[in-house]
Amino acid sequence: MTLPVVLGVSLAVFALGIYGVLAKRDILRIAIGGTLMLSAVTLLLVALAQALPQQGMATVQAFVLVVWAVEAVEAIVAIALFLYLARKGITDIDELRELKW
Amino acid sequence: MLSLLLAFPLLSAALALLFPRRARDIALAGALALCALAALSLWSFSLATKGFQLLERIAWARLGSVEIAYHVGVDGISYPMVLLTALLTLVAVLVSRREIHTGEAGHYALLMALCSCVIGVFVSLDLVLLFACWEAVLVAMFFLILRWGASNRAYAAMKFLVYTGIASAALFISLVVIAMATGSVDIAAMDLSHLSPALRTAIFALLLFACLVKMPIAPFHTWLPDAHVQAPTAGSVMLAGVLLKMGAYLLLRLGVGLLGDVVAQWRVFLFALGCASAIYGAFVCLAQSDLKRMIAYSSVHHMGFVLAGIAIGSSLGVTGAAFEMASHGIIAALLFALAGLVHERTGTFDMDALRGLAQRMPRTAWLLALASFAAMGLPGMTGFVGEFMILVAGFARFGPLALLMVPAVLLAGAYVVRMLSRVVFGTGTLRASEGGASPLPFGLLAAATLLVGIMPGLLIGIIAASTLT
Amino acid sequence: MIPLPFLIPLPFALVMLCALVAPARAARRLGYLGSLAGAATLLLVFLSYAGGTGTQAATWTWFGAAGEQFPLTITLDALSLVLSGIVSLIGVAVFLYSVGYFGDEERPSDLSRYYAILSLFAASMLGVVLSGSLLQLFVCWELVGISSYLLIGFWHGKDEAMRAARKALLTILVGDAFLLAGIMLLRARYGTFDIARVLALARPDTLTLLAAIGIVVGAISKSAQFPLHAWLPDAMAGPTPVSAFLHSATMVKAGLFLVARMLPLLLLVGLSPWLAALALVTIALSACMALVETDIKRALAYSTMNQLGFVLLALSAGAVAAGTYHMLTHSMFKALLFFAAGIAIHATGTQDMARMRLALGANALAIVAGIGALALAGMVPLSGFFSKETILDALVRQGNWTIVACFMLAVLLSAAYIARWYLLVFARGGRDARAPWQMMAPAVGLALLSLAGGLAMGKVFGLFGEAAPPVLTPWTLLSLALVLAGFLCTYLSCVRGWAAWLPGTALASAARARFLLDDLSAGVARAALGVARACAWIDGNVVDRAVRGVAVRMGALARGARRMQTGRVATYAFAIVAGFIALVLLLGALR
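Just so we're clear, the structure is a prediction, and the values are computed from it rather than from any experiment.

Enquirer: Can you tell me about the overall build of chain B, naming the residues and giving the values?
Expert: Per the secondary structure count, chain B includes 19 helices and two strands. For 469 residues, the compact-globule formula gives about 23 Å, and the C-alpha radius of gyration of chain B, at 21 Å, lands near that figure. Every one of the 469 residues in chain B was classed for burial, and the buried ones make up 64%.

Enquirer: Pulling in residues and values, what's your account of the overall build of chain C?
Expert: Scanning chain C for helices and strands turns up 24 helices and two strands. Across its three principal directions, the C-alpha atoms of chain C cover 115 × 55 × 55 Å. The proportion of buried residues among the 591 residues of chain C is 55%. Of all intrachain contacts in chain C linking residues separated by at least 6 positions in sequence, the fraction that spans at least 24 positions is 81%.

Enquirer: Kindly report on the interface of chain C and chain A, identifying the contributing residues and their values.
Expert: With ten residues of chain C at the interface, the matching set in chain A holds eleven residues. Looking at which element gives the most residues to the side of chain C that touches chain A, the answer is helix 24 (residues 569-590) of chain C, with five residues. Partitioned by chemical class, the residues of the side of chain C that touches chain A number five nonpolar, three polar and two charged.

Enquirer: Explain the domain arrangement of chain C to me, using residue names and the numbers behind them.
Expert: How big an interface is tends to be expressed through the accessible area that disappears when the partners come together. The assigned domain composition of chain C is domain 1 (283-500) and domain 2 (528-590). Inter-centroid distance (C-alpha atoms) of domain 1 of chain C to domain 2 of chain C is 78 Å.

Enquirer: Could you give an account of the interface of chain C and chain B, naming the residues involved and the relevant values?
Expert: Facing 39 residues of chain C, the contacting portion of chain B comprises 41 residues. Within the residue set of the side of chain C that touches chain B, elements represented by two or more residues are strand 1 (56-65), helix 5 (134-152), helix 6 (159-190), helix 8 (206-223) and helix 23 (517-562) of chain C. It is helix 6 of chain C that contributes the most residues to the side of chain C that touches chain B, 14 residues altogether. Its residues assigned to classes, the side of chain C that touches chain B comprises 27 nonpolar, four polar and eight charged.

Enquirer: Let's hear about the environment of C:Val242: which residues, and what values?
Expert: Residues and elements named next belong to chain C. Take Val 242: it is sitting in helix 10 (residues 240-249). In this structure the C-alpha to C-alpha distance between Val 242 and Phe 95, which are 147 residues apart in sequence, comes to 9.8 Å. Excluding residues within four positions of it along the chain, Val 242 makes contact with Leu 151, Ile 152 and Phe 154.

Enquirer: Can you explain unusual backbone geometry? Please cite residues and give values.
Expert: The amide bond that connects B:Met215 to the next residue, B:Pro216, takes the cis arrangement and shows omega of -15 degrees. With respect to the helices, strands and loops of the structure, B:Pro216 is situated in the loop between helix 7 (197-214) and helix 8 (223-230). Backbone torsion omega between C:Val380 and C:Pro381 reads -5 degrees, so that peptide bond is classified as cis. Relative to the helices and strands, C:Pro381 resides in the loop between helix 16 (364-377) and helix 17 (383-398). Positive phi, close to 50 degrees, is recorded for C:Ala66, a residue that is not glycine.

Enquirer: An account of the environment of C:Glu142 is requested, with residue identities and associated values reported.
Expert: Among the secondary structure elements, C:Glu142 is positioned in helix 5. Placed 14 residues apart in sequence, C:Glu142 and C:Val128 show a C-alpha to C-alpha distance of 9.6 Å.

Enquirer: Describe in detail the pairing of strand 2 (residues 68-76) of chain C, supporting the description with residues and values.
Expert: Residues and elements named next belong to chain C. Pairing geometry for strand 1 and strand 2, over nine bridges, is antiparallel. Residue Ala 58 lies in a different strand from strand 2, and its bridge partner there is Ile 74. Hairpin connection from strand 1 to strand 2: two residues lie between these consecutive antiparallel strands, with Ala 66 at a positive phi of about 50 degrees.

Enquirer: Can you lay out helix 6 (residues 153-182) of chain B for me, pointing to particular residues and giving the numbers?
Expert: The terminal C-alpha atoms of helix 6 of chain B lie 42 Å apart, and with 30 residues this matches the ideal 44 Å at 1.5 Å per residue to within 8%. Positioned one or two residues after helix 6 of chain B, B:Gly183 has a phi angle of 70 degrees, which is positive.

The rules we used
- Residue positions are given per chain, counting from 1 as you read along its sequence in written order.
- Both sets of labels track the order of writing: A upward for chains, 1 upward for ligands.
- Local features in this predicted model are restricted to residues of pLDDT 70 or higher, and side-chain atom pairs are both shown and tallied only at a pLDDT of 80 or more, whereas totals for entire chains, interfaces and linings draw on every residue.
- Only DSSP runs of H or I reaching four residues or more are called helices, and only runs of E reaching two or more are called strands; each is numbered from the N terminus.
- Within these notes, the globule rule equals 2.2 Å times the number of residues to the 0.38 power, and the radius of gyration is based on C-alpha atoms.
- Here the C-beta atoms are placed from the backbone, and a residue counts as buried if at least 20 other C-beta atoms lie within 10 Å of its own, exposed if 12 or fewer do, and partly exposed otherwise.
- For every residue pair, C-beta atoms are placed from the backbone, and the pair is scored as a contact if these atoms sit within 7 Å.
- All amino acids are sorted into three groups, where Ala, Val, Leu, Ile, Met, Phe, Trp, Tyr, Cys and Pro are nonpolar, Asp, Glu, Lys and Arg are charged, and the leftover types, Gly among them, are polar.
- Each domain's extent is set by a domain assignment, obtained either automatically or from a database.
- Here a strand pair is declared whenever DSSP counts at least two bridges between the two strands.
- Multiplying 1.5 Å by the residue count of a helix minus one yields the expected span of that helix.

Okay, here's the thing in structure tokens:
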């Protein structure tokens, strides 16, 4: 796969993720958007890794693995949060306003 | 010696907190001990030395090239203030014994801590120590007003803290600039003469702003009436007696002492400002109908005179200003203490309601009359000597321009007469009795006023022991 | 070793201390103590003067500061001798009179306070007249003013008395401010407080002129001359001994003393015509007001103003000896008249002359009052005649015939008004006046002195090193004729009822309204209060408003900033994204 294509796809997915986080009101959709952003970034990193020397490749691989691990944990926490809120009947993020002044 | 004077009140404060139920007696003992120590220190003070005496120094820390130390000492300008603080602390404690019945431990602790920090301001020869004590004074007074004040205390306390806090910020900036420019924070050894004129003017401007707010001088005075009216009597005594003098002292010590030529450039302006503030304060005082507010504005009036004396700059002018600082401390404290007693017995400060005081509370009323005459500058009491010296110095330096001071003197008489005829004399429907009030705090202050007024030589001798006079 | 002259105020000072610590039972007897102190003071005065001839001075440095000296100086010369003699002599009389004046209705603590302040007054008054340093003069001057306030307001429960006391003190304070300015200007110009040195060094320049004006205004306020006179009649609300002592015999002389003491300076800067003008206006106004006044003490107050105007006129002509001699005689017969008035008030229970009915006849009171009245009018052979003649002689020698003519008219009017006073009080048949001996004895004593006072003329003038003017001259006879004419006028209009249209004239109405001058001074006070209220308004609404405005702005700013914390996650997320982009762009721009 050529670099420009991957760049384009990655940006598109990232943009999609940002759109999901900022413009959506459903909590699950926001969480999905966040995951999309992370995936886009890791995709980009993996693609760029080809251009790097051996040492760099290893760093990228390590980085991406860490990101996946964090992403997994984050997903679990997000799902747990969402389930808790869903049981309360809250699905709209605008209903969470406890941090207001 | 000076460290003892600083430590004793702090010790009393700590003990008062540890033993809340004995707090009153601990505070009284501490205040008495402080007075005794202050009296003892008179022996060690040499009238012939022109520089700083009773020096103590403990090196503390080093910030870059700036060495910060616990460096204390007194000279002719600060020593009377130390003595005054000791006397007023005793008066404040005695007055509080009658007035404060809730949260006593905290009150006396704060009062003693306040005392210690005020003495700290007057004796420190290290800028960092001075600023630390200055800020601590603000905080202590804030809590005193907030917790034990009158009905609108939150507003007054906040106003006091923020307004004088802004002044402290200006002071802080100027201190930082000094430290950066000279690499030292030691007042005794400081020399600012090699700095550029622009820098010196900037430092002085910041310092001046801080002092003008603190003294207070119109138009930066409006925090004072509210603070006084809402503060408890002990707070008012300390506020009018010594806190206001901190500003004048700083102006003398750092302004005249270190930046004398800048003061000389600004001389006429400062003199006119002082006279204007005195006249304005007296006019506003004339129109008041609340006794405590009136006394507060009379403080603005007297401190205007002090500024005029400092601005004159001559040896006699500075002596007069320092004398007036001490004298006004005693007189204002006496006035506020009496006002506190009147309020305690009658429940009001409203001058119209208090008419005919001399018939119900004769001793209090006549003492109030005596204190008012002192405030007016009647010869035989301290107010006259300080004012007279400033007047002579002013006319010697400025000639006919000094006529600005004369209306202020006249207006002081006017507001005193008005107060006397509204409060002390006349017939009224007042119901009050003065039995059982201890005459000690009032007697002490009245005696001080008369003694120093009839024989001012000793105080003048102490004031002369300074490089500024 | 304290020089003897400094001991002169000591007896009265001791009485003051005694009064402050005396037990209640002894309060009444303080009056006798005060009399003794007066006698002792008189003795001290004579001893001090006998110790040397000519002018003496004794200095004591009260305090020194920054290389400057602040001395108290006592000067003993003719002027201070005569005036301290007046103070001590009248003091003897007044303290004794007070014992009889205050009945049992006064509380002992009040009496102690009275005697204490009266003694303070006497001691400070002596300080004023003995002073050779402007500092001492001012110090004692202020003390005199305050004791006057406290004495006028002795019955501080009475609103009328307190109003009068306040008015008196405020007027005097205005004068004090001017005097202070004058003293300060002199100090700045000549570098000393010492009066003798200032007079020796004096030059007629602007500063000295300003200082002289200040001094004159101060003197006018104390001596109740136009235009600062409105306080004197009201001051009659105080006890009669106070009116006799302060407001006729001594305190009001203090201003004239100051003029006399500083006269070389005042004449040097050319204030003589102004002093004469002020004196003439005062004389004219007070004579008119005395002629229509119905209150017994107020009428005497106006007559005091009038007689003091005579003294000021003499001083403006440079005749210090004549002026001082008139001060001496005036204090004796004026105090006498006040004593008589006090007895009359006690006997009749009213101060309104229209309602008094006292017997004329071989009544002791009527006789002594008559002596006083004749002395004031200037009838031979009483002391007042001699002193008036010395003034007339000085004015004639000065040569300004307008002034002489005015003076003659004043002589006629003063005879007229005192005759009217006497007739209204004593000549309408009624009861006898009984008074305790403590009140009669001083009156009789002063009456005797007024009879014999003419003998002192030579002595007094001798003290000043001048020769007494001749007594029998055409001018003397002319003024005697005018005095008799004045009596005649009064007799004709009051007893015979001639010229009944006189009280209806515009002049009379103006006089009854006190020429609106009282209202003027009240207006000035109200204006000052108005300025004060304006300043207070500015303070609350302009200055403090700015301060509060800052606080309000800060609060608004804070509330605005608070709105960033919406609590909505979407907002925070947006902020993170936007902030990040901004940061990246910024870093890019910086590179």
